[in-house]
Amino acid sequence: MTTVLLVFAIIAIVAVAIWLTYNTLIVAKTRVQESWSGIDVQLKRRFDLIPNLVETVKGYAKHEKEIFENVSKARAAMLGAKTPNEKASADNMLSGTLKSLFAIAENYPELKASENFKELQDELSDTENKIAYSRQFYNGNVLDYNTKIRIFPTVLIANLLKFEEEQFFKADESEREEVKVKF
Amino acid sequence: MTPYNQIDSNKRKTWAVMFLFVVLVTLIGYIFGQISGYGNSFVVFALVFSTFSSVSSYYFSDSLVLAISGAKKVDKSVSPQIYRAVENLCIGAGISIPQIYLIEDTAINAFATGRDPKHAAVVFTTGCLTRLEDEELEGVAAHELSHIKNFDSRLMVIVVILVGSVTLLADFMARSFMFRGRSRDDNKANGIIMLIGLLLIILSPLIAILIQLAISRNREHLADASGALLTRYPQGLANALEKIAADKELLEVANKATAHLYISNPLKNQKDSVSWFANLFNTHPPIGDRIARLRSM
């Protein structure tokens, strides 16, 4: 009789443990997804700004065909990207081509002086800052979630329930700035 | 202490402060009622008064502090620079964008208030906008947002109002004793004056505890560190603090009760404020210490 009770008690404890762990993991995973949509909003905003920018630059610098092609290629790659890794590399490519676009603008004083161009430049650099900040928030949440599912004993339940690691949104190597924070 | 512990401890302390306030004011009301001969009706008054101010300070203390400080709400069109800085940092911290207020003053200072991240406001002086570089302003904004995120602002602002009303009540009772004292004989008056002294003795440690609860120096260091974690650029805030330290200008709208809300002591501890009471409000860690910690990150 006592053994039966004991077995029931153990099963009950395990069931409760699985239940609680599942809930914490779901909360962490939802946070990751939610912060991912934060990045997506900013990427979309940048994506929508680009045609306008290209048109403006074209008005002053028709001959720079190659650069326009690169920008539209990178923009198309962005459209095709689905996973965080793909999106991150497409985003980095886009940043690179936009940089060369702005470098070219340096050669056209009239373009540089245009109000419309200045506004677009402002908007784009603001969007880039926002991408950087939403990336930081997203990566923080991914770190939190990935750590949770790798820690014992949660790792057992996470494997059982097929929780998989999420991908970080990686910044371009050249953009990265290391800062150590000590408490 | 991590930000997560800080949030829990701040929420606990907020309730503790409110509860303590109600109990103490009621107790004092009882003592006052017994001595003055008003009887138990005064206990009821004290209970109603303290509960009312506790609850209303929870909901309205932020608007009150904003009004006292003469802060005006701004939006994106008025000041895009500050709006963008705050907006970006909020994206990084994952909190909703607080309301942004400006105080017309050339001194550099800022504070945050509100009961939770959804009902919060950050306040900057116009001096912040004109005299700080973008990354310094971002550092200051990140420090203030950390206060909001950690629920520091809730505890701090409630303490401002409750400490204010305790002072008001003590003042009221002291005056009432004085008034009654005049019509009695001298002996009685002496006893009453002693009693006022006694009341103040009871009250002052309470005030001191409340203030210390609100503004442990760790709170500022933690907000500095979480702010630096948010901007990934501790030098920004360090430079801003250096500018503030070098600045001798006082912030006119700040008073002793609201001083501890600010990022750096707005009263600059001028001579007349260095009484024992003002020392209680000497709440900020030495600015040099904060700069050194930020520089070493």
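Think of each chain on its own: its residues are numbered from 1, step by step along the sequence as written. All chains are assigned letters beginning at A, and all ligands numbers beginning at 1, according to the order in which they are written. Side-chain atom pairs in this predicted model are given and counted only at pLDDT of 80 or more, local residue features only at pLDDT of at least 70, and totals for whole chains, interfaces and linings cover all residues.

Draft legend 1. Representation of the overall build of chain A within the structure. A run of H or I in DSSP counts as a helix once it spans at least four residues, and a run of E counts as a strand once it spans at least two, with each numbered from the N terminus. Secondary structure summary: chain A contains six helices and zero strands in total. Secondary structure elements of chain A occur, N-terminal to C-terminal, as α-α-α-α-α-α. In terms of overall size, chain A is more extended than a compact globule, its C-alpha atoms giving a radius of gyration of 24 Å where 183 residues would be expected to give roughly 16 Å. Its C-alpha atoms give chain A principal-axis dimensions of roughly 90 × 40 × 25 Å. Counting other C-beta atoms within 10 Å of a residue's C-beta gives its exposure: the residue is buried at 20 or more, exposed at 12 or fewer, and partly exposed in between, where C-beta atoms are placed from the backbone. Going through the 183 residues of chain A one by one, you find that 23% of them count as buried. Long-range contacts, defined as pairs at least 24 residues apart, comprise 76% of the intrachain contacts of chain A with a sequence gap of at least 6. Atoms counted for the radius of gyration: C-alpha only. Globule rule: 2.2 Å times residue count to the power 0.38. What counts as a contact is two residues whose backbone-derived C-beta atoms lie within 7 Å of each other.

Draft legend 2. Summary view of the overall build of chain B. On a plain count of helices and strands, chain B comes out with 11 helices and four strands. A separation of at least 24 residues holds for 71% of the contacts in chain B among residues at least 6 apart in sequence.

Draft legend 3. The arrangement of the packing of helix α5 (residues 134–149) of chain B against helix α8 (residues 217–231) of chain B in detail. All names here are of chain B. For helices, the axis comes from a line fit to the C-alpha atoms of the stretch in contact; other axes are also lines fit to C-alpha atoms, and the angle between any two N-to-C directions lies between 0 and 180 degrees. Direction vectors running N to C along α5 and α8 enclose 120°, while the axes themselves pass 8 Å from each other. Judged by the inter-axis angle, α5 sits oblique to α8. As for how α5 packs across α8, the hand of that crossing is right-handed. Counting all contacts with α5, which are made through Glu138, Gly139, Ala142, His143, Ser146 and His147, the residues of α8 involved are Ala223, Asp224, Ser226, Gly227, Leu230 and Thr231. Note on residue classes: Ala, Val, Leu, Ile, Met, Phe, Trp, Tyr, Cys and Pro are nonpolar, Asp, Glu, Lys and Arg are charged, and everything else, Gly too, is polar. The class makeup of the residues in the contact of α5 with α8 is three nonpolar, seven polar and two charged. What sets the label is the angle itself: under 35 degrees gives roughly parallel, over 145 gives roughly antiparallel, 65 to 115 gives roughly perpendicular, and the rest give oblique. Handedness of a crossing follows from how the near helix is turned relative to the far one, being left-handed for an anticlockwise turn of less than a right angle and right-handed for a clockwise one.

Draft legend 4. Local environment of the interface of chain B and chain A. Taken together, the contact between chain B and chain A spans 15 residues of the former and 15 residues of the latter. Broken down by secondary-structure element, the contributors of at least two residues to the side of chain B that touches chain A are α3 (80–93) and α8 of chain B. Among the elements that line the side of chain B that touches chain A, the one with the most residues is α3(B), at six residues.

Draft legend 5. Structural context of the nonpolar core. In these notes, a nonpolar core means any group of buried Ala, Val, Leu, Ile, Met, Phe, Trp, Tyr and Cys residues linked to one another through C-beta atoms within 7 Å. Core analysis: the largest hydrophobic core is formed by 84 residues, its most contacted members being Leu89(B), Ala110(B), Val122(B), Val123(B), Val140(B) and Ala141(B). Among the elements that take part in this core, helix α6 (residues 152–183) of chain B stands out by supplying 10 residues, more than any other. What counts as a domain boundary in this text is fixed by an automatic or database domain assignment. In this structure, this core is formed jointly by two domains, domain 1 (3–66 + 158–211) and domain 2 (68–153 + 216–295) of chain B, each of which donates at least three residues. Among residues more than four places away in sequence, those in contact with Ala110(B) are Val122(B), Val123(B), Phe124(B), Thr125(B), Cys128(B), Val140(B), Glu144(B), Tyr262(B) and Ile263(B). Among the nonpolar cores identified, the runner-up in size contains 11 residues, and Met78(A), Leu98(A), Leu101(A) and Leu124(A) belong to it.

Draft legend 6. Main features of the environment of Glu249(B). Residue and element names in this part refer to chain B. Considering the arrangement of structural elements, one finds Glu249 in the loop between α9 (234–246) and α10 (276–280). For Glu249, a count of 15 C-beta atoms within 10 Å gives the class partly exposed. Along the backbone, Glu249 and Leu64 are 185 residues apart, and their C-alpha atoms lie at a distance of 25 Å. The residues touching Glu249, leaving out its near neighbours within four places in the chain, are Thr106 and Ala107.

Draft legend 7. The arrangement of the confidence of the model for chain B in detail. Residue and element names in this part refer to chain B. Per-residue confidence for chain B gives a mean pLDDT of 79, with 74% of residues at or over 70. Mean pLDDT in chain B bottoms out at α10, which sits at 49, and peaks at strand β2 (residues 99–103), which reaches 93. Ignoring residues within four places in sequence, the model shows residues 271–278, a span with pLDDT below 50, making five contacts including any to other chains. The ipTM, which scores confidence in the relative placement of chains, is 0.72 for this predicted complex, and the corresponding pTM is 0.76. On a scale of 0 to 100, pLDDT captures the predictor's confidence in every residue.

Draft legend 8. The arrangement of the environment of Val86(B) in detail. Residue and element names in this part refer to chain B. With respect to the secondary-structure elements, Val86 resides in helix α3. Classification of Val86 by C-beta neighbours within 10 Å gives buried; the count is 23. C-alpha of Val86 to C-alpha of Phe49: the two residues are 37 residues apart in sequence and 38 Å apart in space.

Draft legend 9. Quick peek at unusual backbone geometry. Going from Phe152(A) to Pro153(A), the amide bond is cis rather than trans, its omega being 0°. Structurally, Pro153(A) can be placed in the loop between α5 (115–150) and α6 (154–160). Phi is positive for Phe151(B), which is not a glycine, with a value near 65°. Here Phe151(B) shows up in the loop between α5 and α6. Looking at Phe151(B), the number of C-beta atoms within 10 Å reads 23, which means it is buried.

Draft legend 10. Fine view of the sheet that holds β2(B). Residue and element names in this part refer to chain B. Note on pairing: DSSP must find at least two bridges between two strands before they are called paired. Ordered in space as β1-β2-β4-β3, the four strands form an open sheet in which the pairing is mixed. Only two strands of the sheet have a single neighbouring strand rather than two, namely β1 (72–74) and β3 (110–116). For this sheet the average axis-to-axis angle between neighbouring strands, irrespective of direction, equals 30°. Here β1 pairs with β2 via three bridges, running antiparallel. Residue Lys73 lies in a different strand from β2, and its bridge partner there is Tyr101. Running over the sheet, α5 touches β3 and β4 (119–125) and is turned about 25° from β3.

Draft legend 11. Fine view of the pairing of β3(B). The element β3(B) is extensively covered by neighbouring structure, given that six of its seven residues are classed as buried. Counting the residues that bridge the hairpin from β3(B) to β4(B) gives two residues.

Draft legend 12. Representation of the confidence of the model for chain A. Residues and elements named next belong to chain A. Model confidence for chain A is summarised by a mean pLDDT of 85, while 93% of its residues fall at 70 or above. The element-level mean pLDDT for chain A is lowest in helix α4 (residues 109–113), coming to 83, with helix α1 (residues 2–60) highest at 90. Across residues 174–183 the pLDDT falls below 50, and counting only partners more than four positions away or on other chains, this stretch makes 14 contacts in the model.

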